[in-house]
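# Report on the structure
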Amino acid sequence: MLKVKNLKVGYGNVPVIFDFSFQVKQGDIVAIVGSNGAGKSTLLKTISGILKPTGGEIQFMGERIDTIPAYKIVEKGISHVPEGRQVFGKMSIKDNLLLGAFTIKSEEQKTKLLKDVYEIFPILEERQDQKAETLSGGEQQMLAIARGLMSNPKLLMIDELSLGLAPFLVDKVMDTLKIIRNKVTILLVEQKVQEVLEIADWGYVVQNGRLAIEGTGEELLQSDIVKKAYLGL
Ligand SMILES: Nc1ncnc2c1ncn2[C@@H]1O[C@H](COP(=O)(O)OP(=O)(O)OP(=O)(O)O)[C@@H](O)[C@H]1O
Ligand SMILES: [Mg+2]
């Protein structure tokens, strides 16, 4: 579904991603893990077109996308849930969700998408007219994921799902991914290596903008690199 080949990205003339290649297969949950500053968010921003690469190529459904504007990438079916949620606290939950559907022109389809996300996240329907800031941290994260689904994506990219969440909430939010994976392919970026590799079909470890190792979630959890660098074993 997604093919990233020899990607190079930098800020100004400071390179951050050096020759990074990876793939996402349709229907999978794929994780990119690594420590602070490794370049994970930079990778997602480049895929969604917010940043332009200095080298390499990104293909989505067989088409090159690194040369087209960000809104067109959304229309092609890639949705990006940014780091730190960025929910609009003073707006209602429903209006936050409708913002996610900015590329959807048909009112009928918007209503259908809203109904679908309310089915997955009933709490959002119960509180749809309340301000988003009244939701707890975990609920706001669910709102951010739900808003990501409102553009009807084929690929949902989520940056730091676990950020700022208590451990029991991390598990709860991860559980929602198991539900939405039937509808959408998921690319996750995470510092919580253990939790995310437990649910990932395939994972990539990025260190200083380079691929360190890849494998199934289980293989990576057993690998020396992951055990030493991320699990403190
Ligand atoms: N706008 C920017 N201008 C300059 N440098 C940046 C900018 N954004 C990120 N960087 C640098 O690029 C590198 C990679 O940052 P990035 O945000 O991709 O890391 P990350 O893996 O997502 O980290 P974290 O886990 O802390 O979110 C870091 O050294 C960071 O300081
Ligand atoms: Mg980041």
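Computed from a predicted structure; not experimentally measured.

## Observations regarding the pattern of salt bridges
- Scanning all chains against the criterion turns up 9 salt bridges.
- A salt bridge links Glu57 to Arg64, with the shortest nitrogen-to-oxygen separation between them at 3.9 Å.
- We classify Glu57 as partly exposed; its relative accessible area is 23%.
- Between Lys178 and Asp175 there is a salt bridge, and its shortest N-O distance comes to 3.1 Å.

## Some thoughts on the sheet that holds strand 8 (residues 185-190)
- Here 6 strands make up an open sheet; going across it, the order is 6-7-8-3-9-10 and the pairing mixed. Both outer strands of the open sheet, strand 6 (78-81) and strand 10 (210-215), are each paired with one neighbouring strand and no more. Along the sheet, successive strands turn relative to each other by an average axial angle of 15°, direction set aside.
- Relative to strand 10, strand 9 (residues 202-207) is paired through 5 bridges, and the arrangement is antiparallel. Considered in strand 10, the bridge of Val206 is made with Leu211.

## Overview of the coordination of the magnesium ion (ligand 2)
- With distances of 2.0 to 2.5 Å, the protein atoms coordinating the magnesium ion (ligand 2) are Ser41 (OG) and Glu83 (OE). With Ser41 in helix 1 (residues 40-47) and Glu83 in the loop between strand 6 and helix 3 (93-99), this pair connects stretches of sequence that are 42 residues apart.
- Among the residues examined, Ser41 registers a relative accessible area of 16% and is labelled buried.
- Among the residues examined, Glu83 registers a relative accessible area of 34% and is labelled partly exposed.

## A closer look at the nonpolar core
- Ranked by size, the top nonpolar core spans 48 residues in total, and within it Leu97, Ile158, Leu177, Ile180, Leu188 and Leu197 carry the most contacts.
- Those residues in contact with Ile158, other than ones at most four positions away along the chain, are Leu44, Val81, Ile145, Leu177, Ile186, Leu187, Leu188 and Val189.
- Formed by 29 residues, the second largest nonpolar core is a distinct cluster that contains Val4, Val9, Val24 and Tyr204.

## Brief notes about the site of ligand 1
- Lining the immediate environment of ligand 1, one finds 13 residues, of which Asn36, Gly37, Lys40, Thr42 and Glu83 sit closest.
- In this structure, an oxygen atom belonging to ligand 1 sits 2.8 Å away from a side-chain N or O atom of Ser41.
- Coverage of ligand 1 by the protein chains reaches 59% of its 630 Å² of free accessible surface.
- Ranked by the residues each element gives to the shell around ligand 1, the list is headed by helix 1, at 3 residues.

## Remarks on helix 7 (residues 167-180)
- Over its 14 residues, helix 7 runs 21 Å from end to end, which matches the ideal 20 Å to within 8%, given 1.5 Å per residue.
- Tucked inside the fold, the buried residues of helix 7 contact strand 3 (29-33), helix 4 (107-120), helix 6 (137-149), strand 7 (155-159), strand 8 and helix 8 (193-199).

## With respect to the packing of aromatic side chains
- If you walk through the whole model with that rule in mind, you get 2 aromatic pairs.
- Judged by centre distance (5.6 Å) and plane angle (70°), the ring pair of Phe20 and Phe22 falls under edge-to-face. The exposure classification of Phe20 matches that of Phe22, with both residues buried.
- Ring geometry for Phe22 against Tyr204: centres 5.4 Å apart, planes inclined by 65°, an arrangement best described as edge-to-face. A residue pair is termed long-range when its members are at least 10 positions apart, and Phe22 in strand 2 (residues 14-24) and Tyr204 in strand 9 qualify at 182 residues. For the pair formed by Phe22 and Tyr204, the shared burial category is buried.
- Connected via pairs of aromatic rings, a cluster forms that spans Phe20, Phe22 and Tyr204.

Definitions and cut-offs
Residues numbered from 1 in each chain as written. Chains lettered and ligands numbered in written order. Predicted model: local features only at pLDDT ≥ 70, side-chain atom pairs only at ≥ 80, totals over all residues. Heavy atoms only, no water. Salt bridge = Lys/Arg side-chain N within 4 Å of Asp/Glu carboxyl O. Buried < 20%, exposed > 50% of the residue type's maximum accessible area, 1.4 Å probe, protein only. Pairing = 2+ DSSP bridges. Helix = DSSP H or I, 4+ residues; strand = E, 2+ residues; numbered from the N terminus. Axes fitted to C-alpha atoms, helices over the stretch in contact; angles between N-to-C directions. Donors = N, O, S within 2.8 Å, 3.2 Å for Na, K, Ca; no water. Core = buried A, V, L, I, M, F, W, Y, C linked by side-chain atoms within 4.5 Å. Contact = heavy atoms within 4.5 Å. Near = heavy atom within 4 Å. Polar contact = N/O pair within 3.5 Å; in protein donor to acceptor, adjacent residues only side chain to side chain. Areas by Shrake-Rupley, 256 points an atom, 1.4 Å probe, with all protein chains shown as cover. Expected span 1.5 Å × (residues − 1). Phe/Tyr/Trp six-rings, centres within 6.5 Å; stacked < 30°, edge-to-face > 60°.

Keep in mind these numbers describe shape, not what the thing actually does.
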